[in-house]
Structures are given as C-alpha cells and as structure tokens.
Amino acid sequence: QKEVEQNSGPLSVPEGAIASLNCTYSDRGSQSFFWYRQYSGKSPELIMFIYSNGDKEDGRFTAQLNKASQYVSLLIRDSQPSDSATYLCAGGHTGTASKLTFGTGTRLQVTL
Amino acid sequence: DAGVIQSPRHEVTEMGQEVTLRCKPISGHDYLFWYRQTMMRGLELLIYFNNNVPIDDSGMPEDRFSAKMPNASFSTLKIQPSEPRDSAVYFCASSLMPTGELFFGEGSRLTVL
C-alpha cells in the first residue's frame, strides 16, 4: 500500500463548478502536505502547501488538512478548462520535508 | 532565471546499454532531487543531495543506478546496464530550502528496448 493514496480519476466537472480532490495518507509522521499540478507531458508544479489543520486559501484554490483523519483535500472553485490536469498530493516530514512521498495523482477534466 | 535544465529530453536505448541523464539545478538551490515517474508507481524519489552531498539514496532501485553531483551546478544519474523495466520519465528537481517546494525540470523520457 502506498503511503499517499489518491483516486486516479478521471474526475469530470463542468466549467464553473467546484472540483474536489482528495488524498489520504498512512504515515502519521507526515507533517506537511503539498499539491502539485501536472499537465500532460509536462513536469509537476507546486500550487499549494499546507502544514496546519484547517483550511488554507489561495485564489481559487483551497487546501484542507485533517491530521486526525489523515486526510488532505484540494478544492478548486470556478473550475476552468485550463485546470484540466493531474493533481499530485505529496506528504513530507518535519525536518526532512524535502523527502516527499507522492500519490499517483488524480486526473481532473473540466468540461465546457 | 532559468529553471532546472535536464538532458536528454528523450533517450531510446537497447537493454544492456549505459544511460546517463544530466541535470543543472536552479542557481543557488542547495537541494537536488532525482525522481522517477511511471504510470503504475507514480513519482518516486530516487536520491537527493544537499550541498552536493548525497543525503538519502534509499530510493535507488539497485546497484545498476548511481548518481553524482560533482559541483553545485551539475548532477548525473547513470544506469548501467539498463533494462526495459527502467523505462520511465526521470525528473530532476531543485529547491532552495528543505520545505518540499520543488522546482522540476522538464524530465528525461527513457525507453529501454
């Protein structure tokens, strides 16, 4: 079992809707969590990170962390076709946060 | 500022041949990472360096894989001999701090026949 689990999708949402991407992790030592976006054939790019329980908002993106449930999510409001990509969830430990464990990603399709 | 630069972008080779992948990190970034990405296993960390020193190579699959960082601006990942199961996209990434904010290169797609 991978330490970070994601539904591979595809998750299909209509333009303008809220996309909800979910991630669970098994390592309770993980303290920091990251969402990377990867367009087809391209490299991952960081879009959000969260260290504390609760919500963190950045523009149309909101990351949510629940350490008790070992659950991380990414909400994308007003989804656009340009948001169509694979979203990778990753977890890291305090002190060695660079050593990230990635999930296999969820593919998001935003339809017109 | 230029991003992380990897070469070659594509490599097709035959089983048993030596493969060398190259990476130039972002100037000033003290951390360099080599990841491998496949459909089945996703992104896996192979090895990472801090200030040119290998810190954790526990992800290197076997002795056929080796990585070096002779200076702050250059790293190589070598596979010798290569096998078909090594076919994947190999990403190099760098970061300024050990915070998980990684900057990835465009990747090297390796196909071993």
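Refer to the structure printed above.
In short, a report on the structure. In this text, all values refer to a predicted model and were calculated from it rather than measured experimentally.

This paragraph deals with the environment of Ser75(B). Residue and element names in this part refer to chain B. Structurally, serine 75 is set in strand E8 (residues 74–79). Residues serine 75 and leucine 32, spaced 43 residues apart in sequence, show a C-alpha to C-alpha distance of 8.3 Å. When sequence neighbours within four positions are dropped, the list of residues in contact with serine 75 reads Leu21, Arg22, Cys23, Leu32, Trp34, Phe49, Lys68 and Met69. From its side chain, serine 75 meets the backbone oxygen of lysine 68 in a polar contact 2.8 Å long.

This brings us to the interface of chain A and chain B. Between chain A and chain B, the residue contacts involve 17 residues of the former and 23 residues of the latter. Across the chain A/chain B interface, buried area totals approximately 1500 Å², and carbon plus sulfur atoms make up 53% of it. For the interface between chain A and chain B, the tally reads zero salt bridges. One can count four residue pairs in polar contact (both at pLDDT 80 or more) joining chain A with chain B. Among the secondary structure elements, those contributing two or more residues to the side of chain A that touches chain B are strand E4 (30–38), strand E5 (45–50) and strand E10 (96–102) of chain A.

Here the focus is the nonpolar core. Core analysis: the biggest nonpolar cluster contains 22 residues, and Trp35(A), Val72(A), Leu74(A), Ile76(A), Tyr87(A) and Leu108(A) have the highest contact counts within it. Of all elements in the fold, only strand E3 (19–25), E4, E5, strand E7 (61–66), strand E8 (71–76), strand E9 (85–93) and strand E11 (106–111) of chain A reach the threshold of two or more residues within this core. Core analysis: the next-biggest nonpolar cluster, separate from the first, contains 21 residues, Leu21(B), Cys23(B), Ala67(B) and Tyr90(B) among them.

A word on the state of the cysteines. All names here are of chain B. In this structure the tally under the stated criterion is two disulfides over all chains. Here cysteine 23 connects covalently by a disulfide to cysteine 92, the sulfurs 1.9 Å from one another. Because the sign of the S-S torsion sets the handedness, a value of about -65 degrees for the bond joining cysteine 23 and cysteine 92 places this disulfide among the left-handed ones. Here the residue cysteine 23 occupies a position in strand E3 (residues 19–24), and cysteine 92 occupies one in strand E9 (residues 88–95), the gap between them amounting to 69 residues. Per residue, the accessibility class of cysteine 23 equals that of cysteine 92, and both read buried.

So, on to the pattern of salt bridges. Residue and element names in this part refer to chain B. Across all of its chains, the model carries 12 salt bridges over all chains by this definition. A salt bridge links aspartate 86 to arginine 64, with the nearest nitrogen and oxygen atoms 2.6 Å apart. Linking aspartate 86 in the loop between E8 and E9 with arginine 64 in the loop between strand E6 (53–56) and strand E7 (65–71), this pair joins segments that are 22 residues apart in sequence. Aspartate 86 sits in the buried class, given a relative accessible area of 1%. Here arginine 64 falls in the buried class, since its relative accessible area comes to 10%. Sharing partners across several salt bridges, the network here consists of Glu62, Arg64, Glu83, Arg85 and Asp86.

This part is about the environment of Ile26(B). Along the chain, Ile26(B) turns up in the loop between E3 and strand E4 (31–38). Through-space distance from the C-alpha of Ile26(B) to that of Gly3(B) is 5.5 Å; in sequence the pair is 23 residues apart.

Scoring rules and cut-offs
Residues numbered from 1 in each chain as written. Chains lettered and ligands numbered in written order. Predicted model: local features only at pLDDT ≥ 70, side-chain atom pairs only at ≥ 80, totals over all residues. Heavy atoms only, no water. Helix = DSSP H or I, 4+ residues; strand = E, 2+ residues; numbered from the N terminus. Contact = heavy atoms within 4.5 Å. Polar contact = N/O pair within 3.5 Å; in protein donor to acceptor, adjacent residues only side chain to side chain. Buried area = accessible area lost by both parts, 1.4 Å probe. Salt bridge = Lys/Arg side-chain N within 4 Å of Asp/Glu carboxyl O. Core = buried A, V, L, I, M, F, W, Y, C linked by side-chain atoms within 4.5 Å. Buried < 20%, exposed > 50% of the residue type's maximum accessible area, 1.4 Å probe, protein only. Disulfide = S-S within 2.5 Å.

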